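# Architecture and fold: a report
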Amino acid sequence: MFRLHDVSYLYPGRDTHKGAALSHVSVAVAQGEFRWLLGPSGAGKSSLLRILALDAQASSGMVEVLGVPVMQARRGVIARLRQRIGVVYQDFRLLDDLSVFDNVALPLRLQMRPESEIRHEVNAIMKWVGLGSRIDALPPQLSGGEQQRVAIARAVIHRPALLLADEPTNALDDRQATRLMNMFHRLAELGTTIIVATHNDALVRKYPAHAIDLMQGHLVQEG
Ligand SMILES: Nc1ncnc2c1ncn2[C@@H]1O[C@H](COP(=O)(O)OP(=O)(O)OP(=O)(O)O)[C@@H](O)[C@H]1O
């Protein structure tokens, strides 16, 4: 779960006259809820996800992630909190010089899980995303859709309490997008809070859910 109260975010160095990326946003999402994050390009969706992913700190306001008020939290607390969050970045952010296996294993290695368990978990999820035979490949040897599926596997392998996904279907075909949505719903049923930013109106119509709707950094509507 998370709570934002009156959160504003201005990119460091950005002209103030261009306005804040987020302005006075207040929103709360409970454990196990699935929410769409909607709004036109530049509305602030990625900025909101960066704050929730603890990649950026709000300029003002209150941010609570998984019960922790993050504005005052120490670095060690933030580092541990990050291990309970999964993120699918718009540009995937895979490590190009690590194999697919090692990329997906990263969150489990950070949790110091035994290597035998890691092997089992990575093989299982890679089979699930249809890339069981590509675990030794390097990310640049994969197509965009394959890289996105690796990024999704890495984001969910440690069963995060909070899953944040920025346009996670933009490189997927319809069948893969449907499989992904089914997985998201199953994870939400198991207690993961899930926020998915998308421009894919057809997908939103197909899977109706509450939305956080942004426009020029402002919350238009929550519901
Ligand atoms: N690194 C940056 N430095 C300065 N301003 C930025 C930076 N990244 C984004 N912005 C600005 O912040 C505002 C919100 O951008 P953001 O990327 O959060 O929007 P978005 O809704 O995710 O857009 P998109 O759908 O195109 O990904 C925009 O006005 C954008 O120009």
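Residues numbered from 1 in each chain as written. Predicted model: local features only at pLDDT ≥ 70, side-chain atom pairs only at ≥ 80, totals over all residues.

Scanning the protein from terminus to terminus reveals 7 helices and 10 strands. For the protein, the spread of C-alpha atoms along the principal axes amounts to about 50 × 40 × 35 Å. Across the 223 residues that make up the protein, the buried fraction comes to 37%. Taking the intrachain contacts of the protein between residues at least 6 apart in sequence as the baseline, contacts between residues at least 24 apart amount to 69%. (Helix = DSSP H or I, 4+ residues; strand = E, 2+ residues; numbered from the N terminus. Buried ≥ 20, exposed ≤ 12 C-beta atoms within 10 Å, placed from the backbone. Contact = placed C-beta atoms within 7 Å.)

Moving on to the nonpolar core. Counting residues in each nonpolar core, the largest one holds 59 residues, and the members touching the most others are Val 104, Ala 153 and Leu 164. The greatest single-element share of this core, amounting to 6 residues, is contributed by helix H5 (residues 144-156). Counting only domains with at least three residues in this core, you end up with domain 1 (2-84 + 160-222) and domain 2 (96-154). The contact partners of Leu 164, leaving out residues within four places of it in the chain, are Leu 49, Leu 52, Ala 53, Ile 85, Val 87 and Ile 195. (Core = buried A, V, L, I, M, F, W, Y, C linked by C-beta atoms within 7 Å. Domains from an automatic or database assignment.)

Quick look at H5 now. Between its terminal C-alpha atoms H5 stretches 19 Å, which fits the 18 Å expected from 13 residues at 1.5 Å a residue. For H5, the buried fraction is high: 10 of the 13 residues fall into the buried class. Turning to H5, its buried residues number three or more, namely Gln 147, Gln 148, Arg 149, Val 150, Ala 151, Ile 152, Ala 153, Arg 154, Ala 155 and Val 156. For H5, the secondary structure elements touched by its buried residues are strand S6 (85-88), helix H3 (100-110), helix H4 (115-128), strand S7 (162-166) and helix H6 (174-189). (Expected span 1.5 Å × (residues − 1).)

So, about the site of the ligand. Close contacts around the ligand come from Tyr 11, Arg 14, Ala 21, Gly 39, Ser 41, Gly 42, Ala 43, Gly 44, Lys 45, Ser 46 and Ser 47, and that covers them all. Considering only residue class, the shell around the ligand consists of 3 nonpolar, 6 polar and 2 charged. (Near = placed C-beta within 6 Å. Nonpolar A, V, L, I, M, F, W, Y, C, P; charged D, E, K, R; others polar.)

Once that is clear, we can look at the packing of H3 against H4. For the pair H3 and H4, the least separation of the axes is 10 Å and the interaxial angle reads 125°. Relative to H4, the element H3 lies oblique. Crossing geometry of H3 relative to H4 is assigned as right-handed. Contacts between H3 and H4 pair Phe 101, Val 104, Ala 105, Leu 108 and Arg 109 from the former with Ile 118, Glu 121, Val 122, Ile 125 and Met 126 from the latter. For the contact of H3 with H4, the class distribution of residues is 8 nonpolar, no polar and 2 charged. (Axes fitted to C-alpha atoms, helices over the stretch in contact; angles between N-to-C directions. Parallel < 35°, antiparallel > 145°, perpendicular 65-115°, else oblique. Left-handed = near helix turned anticlockwise from the far one by under 90°.)

What follows deals with the packing of H3 against H5. In the contact formed by H3 and H5, the axes pass within 7 Å of each other and the chain directions differ by 30°. On the basis of their axis angle, the class for H3 and H5 is roughly parallel. Pair H3 / H5 crosses with right-handed handedness. Of H5, the residues touching H3 (which contributes Val 100, Asn 103, Val 104, Leu 106 and Pro 107) are Val 150, Ala 153 and Arg 154.

This paragraph deals with helix H1 (residues 45-52). Most of H1 is tucked away, with 8 of its 8 residues classed as buried. When we look at burial in H1, the residues that qualify are Lys 45, Ser 46, Ser 47, Leu 48, Leu 49, Arg 50, Ile 51 and Leu 52. Looking one or two residues past H1, Leu 54 carries a phi angle of roughly 65°, positive in sign.

Moving on: the domain arrangement of the protein. We note that the domain assignment places domain 1 (2-84 + 160-222) and domain 2 (96-154) within the protein. With centres defined by C-alpha atoms, the gap from domain 1 to domain 2 works out at 24 Å. Taken together, the contact between domain 1 and domain 2 spans 7 residues of the former and 7 residues of the latter.

Right, let's talk about the sheet that holds strand S2 (residues 22-29) for a bit. Pairing in this open sheet of 4 strands is antiparallel, and the strands run S2-S1-S4-S5 from one edge to the other. In this open sheet, the two edge strands, each paired with only one partner strand, are S2 and strand S5 (68-69). On the sheet, H1 packs against strand S1 (2-9), S2 and strand S4 (60-65) and is oriented at approximately 125° with respect to S1. (Pairing = 2+ DSSP bridges.)

Right, let's get into the environment of Arg 14. Here Arg 14 shows up in the loop between S1 and S2. As a C-alpha pair, Arg 14 and Ala 58 span 44 residues in sequence and 14 Å in three-dimensional space.

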